[in-house]
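Structural features, examined
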Amino acid sequence: MEGQDRGSYRARIRAETEKIQPGEVFDTPDYKNLLRILARELTGGRLDNVRLYQNPYENRMGWCDGRTIAINYGNAVLESFHTLPQKNLSLIGTLGHECGHKRYSDFALRKKYLEGMLEGIWYPHPPKAETAQEEESLEQMKGYFLQKDPDVMALLVQVAGYLDNLLEDIYVEEKMCALFPGSVRRGILLNRERNVEWIPTLRQLLEEGEDPVSILMNLCAQYTLSGRINNWDNEESVLLDTLKELMPVIQKGITGEQKSTRFLAVNRILLKIWSYLYEIIRKLEEEKKKREQDPQENGQQDGAEGNGQEGNGKDEEKDGEKGADQETENGACPNNQKGGGKQPENGGGEIPQDGSGQSVSSAMEEYLKHLAGRIPQFIQEPEGESLFYGFPEDTVWSGSWELEAEESEEPSAAAGREEQKTNHARLPDAEGKLWEILFLLASRRVDAQINAEINRRLQNEIDGMEFDKGHEKVKKQVCRMYEITDRQKWQYGFYEEKAKAAQKRLRRFLLPVFQNQGARSERRLFMGRRVDMQNIANPQGAIFKKEYPGKHLDLAMAVLIDMSESMMYGRLEQSKLAALCLYLFCQKAGIPIMVYGHHTDGYSHRRLEEETVYLHCCAEFEPDKNDCYRIAALQPHGANRDGVALRFIGEKLSRRPERHKLLVLISDGMPNSNQYRGKMAKQDLMEVKKKLTGSGIAFVAAAIGADKMQIREIYQKAFLDISDVEKIPDALVKKVVNYVRRV
């Protein structure tokens, strides 16, 4: 960057990276494109539509509807990390989790499983009782299924939906960690560990007086996520014995390859914890009987039931809002990987009804809302994101109480083929790309700051200069383009090809200059003062060498381009091409060069104070990566007040330490501005030339238009007549090279 040595420039970038907020990085197109590439690879090419958004009031980390993956980088889990690399890793882990659902989960089958339970069908089939207690529990559950008791079905659906959700999450995460052991695995494990930290300990849950079902759901979440439970204070409880019975079932559920495995595992867990569920059911039934015995409460209940479905819908809507508030108050939301927001039919936010349309009692509604607020919620999927294509064939999906077959443990052939196909998938280095994006963002900001500093410096320079009375009154503004568009880059590519072609044509003029620039040595001499050690054993005795130092061109150059509207019709294009050729030539020859364009606002003003002269800084003496783009982006506008531009450029050039100074002026005619034309303008330019020539500045004035004779009178020997516009680059470069060779 101009005016900055490499060390200080990098130091400014490092300081700027510390000021950048994570959201600014996540919102960049480069980062979003990185996520799209990752999603395409993680899903095996099935999905690459990723949307990032920030909503701190929504605690879920992301969701996938089958067509789009959305990630909320304002969630509580990601915000709990303090450094940008950790936040990036958490976000990559969320992306891997959602891509795992797209890759492995069948939400239509899950919906069928839960809807069947509401209708009294226990898909795929009821579990097999292994003990006498389980046989008794199974008979009790069978009675409730046959009755389609709305309270019992609602409770079972909520618990089953949560357990299936939990097992499915860990199953897809383990699959993704095995397939992608890099940043995806580290991000998944990072989020998982943070979720475990936020789950209360067993002692905390017992001291809060939570019911056994809520405690068991938290214990299951801890064990499923981390393989351990948060019981560092060695609290003893009979619930730990129950959890030990559930551990092998959970392990089987998260490692089985068949689609039915997790549903069968959930069914067995429901059977093993039925005693705790039955205790809640029995307690709520007793409360219901007490309410029915109270005439006043009974009348209120009858009145509520008389409102029909519409009344129930409104109550459910109010209860849903209350439930959401309750979750926040209880502090359960921070435990959610995607908790909060809308809960599906399995999550507990919306109270399900059985197949007969019977509503759930108010007592069960209150308990289900309490349960939804106390158990840690993870990924919650919206409804209807996939189609149901039939039951899987890994086990019998009949819901029959007579069939007690278990699923086969052999993995499906399709799953094996998919593992083999994607096991060696090559992902971009997400963590390395983050630093590249961060560096690019910081460098852009530093470049903008430096550009603003350069603009202020240049404006202060022209404001501090003294001009003649006529030029003193007009306003002067220095413009320096910083934001380079894709169109301007493409436009420079068009000029770049022509500039290279022109340099190729002028090779015989340019080559001697470049050859004289570098140092050279003459070896194998018979006489000399320096011994050539490389040829010390030369049998003829040619053991000397002579070194010729490179010629240092003690020269600085400035190019000033007329940008007035009369430069249209190819004149400005050829002038820009000539300026580019000179710029590239000077860069190779090590000659400091400055390129400016100038024009006025183009309006007729009665008062000179209303006119503005614009000086477009394309390149300063310190080279910048965007110099060529700025030269190629010049556009014709307004008129030309050459006196102001020449004085400003001449003043800057005269302050250079080089011995020789050359100013190249490209114009199509005499000035034509407000109160500045004809003899007045001619006299002013002659005075400017005389002053600058006296300060040691040589001129090359390329004239294109019809005012050639008057321009010749002004610049005399420096005048360069170019009748053919197409010859401007070649003629001007030859003129400058001839001057350089004489220096």
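All of the points below concern the structure found in this document. This structure is a prediction, so every number in the text was calculated from the model and none was measured. (Residues numbered from 1 in each chain as written. Predicted model: local features only at pLDDT ≥ 70, side-chain atom pairs only at ≥ 80, totals over all residues. Heavy atoms only, no water.)

Some thoughts on the pairing of strand 4 (residues 475–479)
Counted only if it meets this: A 1.4 Å probe rolled over the protein chains alone gives each residue an accessible area, and that area as a share of the maximum for its type sets the label: buried under 20%, exposed over 50%, partly exposed in between. Here a helix means four or more residues in a row that DSSP labels H or I, a strand means two or more in a row labelled E, and each is numbered from the N terminus. A pair of strands is treated as paired once DSSP finds two or more bridges between them.
Burial of strand 4 is one-sided: the residues Lys 476 and Val 478 facing one way are buried, the residues Lys 475, Gln 477 and Cys 479 facing the other way are not. Strand direction decides the pairing type here: strand 4 and strand 10 (residues 612–619), joined by 5 bridges, are parallel. Along strand 10, the bridge assignment pairs Gln 477 with Tyr 614.

Section: the environment of Gly 602
Going by this rule: In this description, contact between two residues means that some pair of their heavy atoms is separated by no more than 4.5 Å.
The topology assignment puts Gly 602 in the loop between strand 9 (593–600) and strand 10. Taking relative accessible area as the criterion, Gly 602 reaches 47% and is therefore assigned partly exposed. Sequence separation between Gly 602 and Ser 564 is 38 residues; the distance between their C-alpha atoms is 8.4 Å. Setting aside residues up to four positions removed in sequence, Gly 602 forms contacts with Gly 638 and Ala 639.

Here's the deal with the state of the cysteines
Two cysteines, two sulfur atoms, one covalent bond between them: this is a disulfide. The condition that has to hold: Note that a disulfide, as used here, is simply two cysteine sulfur atoms within 2.5 Å.
Here the structure, examined in full by the defined rule, presents 0 disulfides. Cys 64 provides the cysteine sulfur closest to Cys 99, a residue in no disulfide bond, and the two sulfurs are 7.5 Å apart. Taking the relative accessible area as the measure of exposure, Cys 99 reaches 0% and is therefore buried.

Thoughts on the sheet that holds strand 3 (residues 69–72)
What holds strands together in a sheet is hydrogen bonding between their backbones, with the strands either parallel or antiparallel. Definition in use: Lines fitted to C-alpha atoms define the axes here, with helix axes fitted over just the stretch in contact, and angles between the N-to-C directions of these axes take values from 0 to 180 degrees.
Here we have 3 strands laid out as an open sheet, ordered 1-3-2, and mixed in their pairing. Of all strands in the sheet, those with a lone pairing partner are strand 1 (50–53) and strand 2 (62–64), marking the two edges. In this sheet, adjacent strand axes meet at a mean angle of 15° when their direction is disregarded. Of the pairings in the sheet, the one linking strand 2 to strand 3 comprises 3 bridges and is antiparallel in character. Within strand 3, the position partnered with Trp 63 by the bridge is Ala 70. Sitting on the sheet, helix 5 (residues 84–104) touches strand 1, strand 2 and strand 3, and the angle it makes with strand 3 is about 150°.

Re the side chain of Asn 72
So the rule is basically this: Throughout this description, a polar contact denotes any pair of N or O atoms lying within 3.5 Å of each other; where both atoms belong to protein, one of them has to be capable of donating a hydrogen while the other can accept it, and for residues adjacent in sequence the pair is counted only when both atoms sit in side chains.
Within the secondary structure layout, Asn 72 lies in strand 3. Residue classification places Asn 72 among the buried positions, given a relative accessible area of 0%. A distance of 2.7 Å separates a polar side-chain atom of Asn 72 from the backbone oxygen of Glu 58. In this structure, Asn 72 is in contact with Tyr 53, Gln 54, Asn 55, Glu 58, Arg 60, Met 61 and Gly 62, ignoring residues within four places of it in sequence.

Concerning a nonpolar patch on the surface
Note the following rule: Patch building starts from residues that exceed 30% relative accessible area and form no salt bridge, then joins like charges within 9 Å and nonpolar side chains (Val, Leu, Ile, Met, Phe, Trp, Tyr) within 5 Å. Computed by Shrake-Rupley with a 1.4 Å probe, the accessible areas treat only the displayed protein chains as cover when residues are assessed. One speaks of a salt bridge when a side-chain nitrogen belonging to Lys or Arg is within 4 Å of a carboxyl oxygen belonging to Asp or Glu.
Taken together, Val 531, Met 533 and Ile 536 make up a surface patch of nonpolar side chains, about 290 Å² in accessible area. Position of Met 533 among the secondary structure elements: in the loop between strand 6 (530–531) and strand 7 (544–548). Among the residues examined, Met 533 registers a relative accessible area of 59% and is labelled exposed.

Examining the side chain of Glu 461
If you trace the backbone, Glu 461 turns up in helix 19 (residues 430–463). A distance of 3.1 Å separates polar atoms of two side chains, one belonging to Glu 461 and the other to Lys 652. Beyond its immediate stretch of four places on either side in the chain, Glu 461 contacts Phe 648, Lys 652 and Arg 655.

Description of the packing of helix 8 (residues 150–179) against helix 9 (residues 183–198)
Operational definition: Each crossing gets its handedness from the near helix: less than a right angle anticlockwise from the far helix is left-handed, clockwise is right-handed. Nonpolar residues are Ala, Val, Leu, Ile, Met, Phe, Trp, Tyr, Cys and Pro. Charged residues are Asp, Glu, Lys and Arg, and all others, Gly as well, are polar.
Look at helix 8 against helix 9: their axes get within 9 Å of each other, and the N-to-C directions meet at 145°. Relative to helix 9, the crossing made by helix 8 is left-handed. Contacts from Ile 170, Glu 173, Glu 174, Met 176 and Cys 177 of helix 8 reach helix 9 at Arg 185, Ile 188 and Arg 192. Its residues assigned to classes, the contact of helix 8 with helix 9 shows 4 nonpolar, no polar and 4 charged.

A closer look at the environment of Ile 280
Mapping Ile 280 onto the fold places it in helix 14 (residues 274–293). Separated by 87 residues in the primary sequence, Ile 280 and Tyr 367 have C-alpha atoms spaced 9.0 Å apart. Among all residues touching Ile 280, those that are not within four sequence positions of it are Asp 211, Val 213 and Tyr 367.

Fair warning: the whole summary comes from geometry, so function is off the table for now.
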